[in-house]
Amino acid sequence: VKNLNIVRLANLQKAVVRCKAKHNSTEAKKASEEDADGLEKEVLLAEGAKIMITRNVWTSKGLVNGAQGVVRKLWYYPGSNPRDVLPAVVSV
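Quick caveat: nothing in here was measured; it's all calculated off a predicted structure.

Q: Can you help me understand the UniProt feature "coiled-coil region" (unreviewed entry) in the chain in this one?
A: Here, UniProt's "coiled-coil region" (unreviewed entry) annotation points to residues 9–42. Within the segment residues 9–42, helix and strand shares are 24% and 15% respectively, and the terminal C-alpha atoms sit 15 Å apart.

Q: So what exactly am I meant to see when it comes to helix 1 (residues 2–11) here?
A: Side chains three or four residues apart in an α-helix point the same way, a direct result of the helix having 3.6 residues per turn. Of all the 10 residues making up helix 1, 1 are buried; the element is thus mostly uncovered. With its phi angle positive at about 55 degrees, Gln13 sits one or two positions after the end of helix 1.

Q: Is there a simple way to think about the environment of Thr26 in this case?
A: Tracing the backbone through its elements, the reader meets Thr26 in helix 2 (residues 26–30). Here Thr26 falls in the exposed class, since its relative accessible area comes to 55%. Along the sequence, Thr26 and Gly62 sit 36 residues apart, while their C-alpha atoms lie 33 Å from each other.

Q: Help me understand the UniProt feature "domain: DNA helicase Pif1-like 2B" (unreviewed entry) in the chain in this model?
A: Taking the numbering used here, the UniProt-annotated feature "domain: DNA helicase Pif1-like 2B" (unreviewed entry) corresponds to residues 43–74. Secondary structure across residues 43–74 comprises 0% helix and 34% strand; the distance between its end C-alpha atoms is 13 Å.

Q: I would appreciate a short explanation of the nonpolar core in the present structure.
A: As a rule of thumb, soluble globular proteins bury nonpolar side chains together. One finds Leu9, Val17, Cys19, Leu45, Ala46, Ala49, Val71 and Leu74 forming the largest nonpolar core, which totals 8 residues. Apart from residues lying up to four places away in sequence, Leu9 is in contact with Val16, Leu44, Leu45, Ala46 and Ala49.

Q: Which parts of the structure should I look at to understand the environment of Leu4?
A: The residue Leu4 is located in helix 1 in this model. Sequence-wise, Leu4 and Thr59 are 55 residues apart; in three dimensions their C-alpha atoms are separated by 28 Å.

Q: Is there a simple way to explain the pairing of strand 1 (residues 17–20) in this structure?
A: Regular strands show a simple pattern: their side chains alternate between the two faces of the sheet. Burial along strand 1 is one-sided: the residues Val17 and Cys19 are buried and none of Arg18 and Lys20 is. With 4 bridges connecting them, strand 1 and strand 2 (residues 42–45) associate as antiparallel partners. Counted as the bridge partner of Lys20 is Glu42 from strand 2.

Definitions and cut-offs
Residues numbered from 1 in each chain as written. Predicted model: local features only at pLDDT ≥ 70, side-chain atom pairs only at ≥ 80, totals over all residues. Heavy atoms only, no water. UniProt positions renumbered as here; feature names shortened; annotations may be inferred. Helix = DSSP H or I, 4+ residues; strand = E, 2+ residues; numbered from the N terminus. Buried < 20%, exposed > 50% of the residue type's maximum accessible area, 1.4 Å probe, protein only. Core = buried A, V, L, I, M, F, W, Y, C linked by side-chain atoms within 4.5 Å. Contact = heavy atoms within 4.5 Å. Pairing = 2+ DSSP bridges.

If you want it as structure tokens, here you go:
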């Protein structure tokens, strides 16, 4: 699945952002994806990329397993370098 996702991101011909998790402790850094309720240590995003939620996050608002969307825009704080920081906002 990861290889297919990388091919699809490349086909978008847009800048791909590597969003690495910021851990608040050594224990968190060592935790597995399952320990973190499915959160991965790294997510690749690009404008136009299709995304899908794989766990129920906020059921009353429709953020449920299988919900899909498209990344519309990635915003960064003014003056920040997208290569060094996570996006401030990801619009889906």
